Amino acid sequence: MQSKLPNIGTNIFTQMSQLAAQHQAVNLGQGFPDFPVPERLIVALARAMNDGQNQYAMMTGTPRLRQAISDKTERCYGYRPDADTEITVTSGGSEAIFNAVQAVVQAGDEVIVLDPCYDIYQPAVALAGGRSVHVPLDAQTFAPDWQRVRDAITAKTRMIITNTPHNPSGAMLSEADMHELAGIVQQHGLYLLSDEVYEHIVFDGARHESALRYPALRERAFVISSFGKTYHCTGWKVGYAVAPAALSAELRKVHQYNTFCTFHPAQAAFAEMIEQEPQHYETLGEFYQQKRDRFRAQLADTRLRPLPVPGGYFQLVDYSAISDMDDLAFSRWLTCEHGVTGIPLSPFYEAAPDGQRLLRLCFAKSDTTLDAAIERLRRL
Ligand code: PMP
């Protein structure tokens with residue numbers, strides 16, 4: 001049989017989690033919190049199930065949740081998407097990304113992705129019959145080089161995918177970046193897929209530059225969010241896409257025949273959380289900043305060199321003072337021999353920079369977990 005995804009195997013996150021389990025390693029690999037979700041969310045979820053909200057939800061998401069998302073979007077980004085025509089609730093940010101790509105990418109189209117990038121984009125593009133064109137971010141700062149992006153555009157380019165705050169580096173697009181991007185998408189008539197699942201995890205008083213703040217971007221954009229990241233419940237897989245009515249209509253055609261609708265009781269719980277506890281997302285940056293600062297202070301006692309983390313919940317560390325192994329070998333060695341698991345960076349690239357010695361560590365963990373990891377890392 002000829003595979004439609006010939007180069008895709010088990011992803012690096014699953015591989016490393018399996019290895020971590022085999023070796024009882026402290027797992028700072030896969031990006032999920034190991035602390036509880038907000039109590040209100042659990043209570044509201046149970047109530048929704050007891051109240052009988054257990055059958056298919058509306059295809060586009062419950063009206064109450066879409067209204068809550070619309071209100072929240074206006075509060076955060078000064079733009080009020082229409083709850084009926086511009087917001088679609090999906091089964092995680094992942095489904096929203098897949099649907100957006102299938103909705104607009106045609107066979108033979110090119111889609112620009114900025115490397116290193118999350119591994120979900122390329123298979124979605126490939127299944128749509130498109131081709132990912134990889135443009136590297138700066139190897140030190142992970143900032144885009146817009147001239148390189150412009151140089152990569154051809155008559156076949158249909159879409160560009162951005163991600164801010166960025167997985168794996170935590171880098172964030174600036175206001176100047178957003179203006180550059182707006183110029184590019186307008187000049188070339190491109191669609192933008194703006195992956196903003198870490199939108200509320202931003203540090204040091206910085207502002208998250210959502211594409212929704214910029215009229216020239218939002219009229220061509222699918223903006224992707226994930227409740228899993230915001231509410232510490234990655235396993236619930238609920239997210240959403242905000243896009244202009246015409247683009248949302250196309251995305252919904254895919255959603256309708258992909259999952260049709262998203263887990264109904266969770267939609268009631270998220271609506272209640274957004275309405276009743278806005279301070280949760282308002283203070284999420286502070287919550288994670290404490291974790292980041294504590295973890296970085298502890299890393300100072302190790303031979304790992306932490307890179308700056310403007311946003312998100314990942315810490316990149318340079319291990320070149322410890323070893324010259326490549327990152328796949330180093331992450332296996334660290335798991336098997338020293339009981340700490342991180343994610344190597346090279347799988348996030350089409351072609352990783354030569355000699356790069358970086359590992360991604362997730363600090364969305366309890367202090368106990370992070371302390372256990374640090375105790376082992378100090379011995380390196
Ligand atoms: N985009 C990025 C950059 C991510 O890190 C993730 C989750 N790891 C997703 C999208 C997918 O989000 P979800 O878990 O809600 O499907």
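Residues numbered from 1 in each chain as written. Predicted model: local features only at pLDDT ≥ 70, side-chain atom pairs only at ≥ 80, totals over all residues. Heavy atoms only, no water.

### Digging into the overall build of the protein
The test is simple: Strands are runs of DSSP state E lasting at least two residues, helices are runs of H or I lasting at least four, and both sets are numbered from the N terminus onward. The globule rule is 2.2 Å times the number of residues to the power 0.38, and the radius of gyration it is compared with is taken over C-alpha atoms. By the convention used here, residues are in contact when the closest approach between their heavy atoms is within 4.5 Å. Methods summary: accessible areas were calculated by the Shrake-Rupley approach with a probe of 1.4 Å, and residue burial reflects only the protein chains presented.
Tallying secondary structure elements over the protein gives 15 helices and 13 strands in all. At 20 Å, the protein has a C-alpha radius of gyration in line with the 21 Å of a compact globule built from 380 residues. Judged by the C-alpha coordinates and their principal axes, the protein covers about 55 × 55 × 50 Å. The long-range share in the protein, meaning contacts at least 24 apart out of those at least 6 apart in sequence, stands at 75%. For the protein, the accessible surface area stands at approximately 15,700 Å², while carbon and sulfur atoms represent 48% of it.

### Side note on unusual backbone geometry
Backbone torsion omega between Asp 115 and Pro 116 reads 5°, so that peptide bond is classified as cis. You can see Pro 116 is positioned in the loop between β3 (110-115) and α5 (121-127). Positioned with a positive phi, Gln 24 is a non-glycine residue whose angle comes to about 45°. Look at Asp 204: it is not a glycine, yet its phi comes out positive at around 55°.

### Re helix α4 (residues 92-104)
Condition: An expected span of 1.5 Å times one less than the residue number is assigned to each helix. For every residue, the accessible area obtained with a 1.4 Å probe (protein chains only) is divided by the maximum for its type, and the residue is called buried under 20%, exposed over 50%, and partly exposed between those limits.
If you check α4, its first and last C-alpha atoms are 19 Å apart, about what 13 residues at 1.5 Å a residue would give, namely 18 Å. Across the 13 residues that make up α4, a large majority, ten, are buried.

### Quick notes on the packing of aromatic side chains
Each pair of aromatic rings is reported with the distance of its centres and the angle of its planes. Definition in use: Here a Phe, Tyr or Trp ring, Trp counted by its six-membered ring, pairs with any other such ring whose centre lies within 6.5 Å, and the pair is stacked when the planes are under 30 degrees apart, edge-to-face when over 60, and tilted otherwise.
For the coordinates displayed, the defined rule picks out 19 aromatic pairs. Here the aromatic rings of Phe 287 and Tyr 288 are separated by 5.0 Å at their centres, their planes lie at 75°, and the arrangement is edge-to-face. Under the relative-accessibility criterion, Phe 287 is labelled partly exposed at 33%. Taking the centre distance of 5.4 Å and the plane angle of 40° together, the rings of Phe 330 and Trp 333 count as tilted. Of this pair, Phe 330 and Trp 333 both sit in helix α14 (residues 327-338), three residues apart, which is roughly one turn of that helix.

### Side note on the environment of Val 223
Along the chain, the position of Val 223 falls in strand β7 (residues 221-226). Residue class for Val 223 comes out buried when judged on its relative accessible area of 2%. Between the C-alpha atoms of Val 223 and Thr 341, which are 118 residues apart in sequence, the distance is 31 Å. Excluding anything up to four places from it in sequence, Val 223 contacts Ser 194, Glu 196, Ser 210, Ala 211, Leu 212, Tyr 240, Ala 241 and Val 242.

### Regarding the environment of Asn 27
Heads up, the condition is: Counting of polar contacts relies on pairs of N or O atoms within 3.5 Å, with two restrictions inside protein: one atom must be capable of donating a hydrogen and the other of accepting it, and residues adjacent in sequence are counted only when both atoms are side-chain atoms.
Relative to the elements of secondary structure, Asn 27 occurs in strand β1 (residues 26-27). Assessed through its relative accessible area of 18%, Asn 27 is described here as buried. Considered as a pair, Asn 27 and Gly 342 are 315 residues apart in the sequence and their alpha carbons are 6.9 Å apart. Apart from residues lying up to four places away in sequence, Asn 27 is in contact with Ser 17, Ala 20, Thr 341 and Lys 365. A polar contact of 3.3 Å, which involves the side chain of Asn 27, links it to the side chain of Ser 17. Of the polar contacts made by the side chain of Asn 27, one reaches the backbone nitrogen of Gly 29; its length is 2.8 Å.

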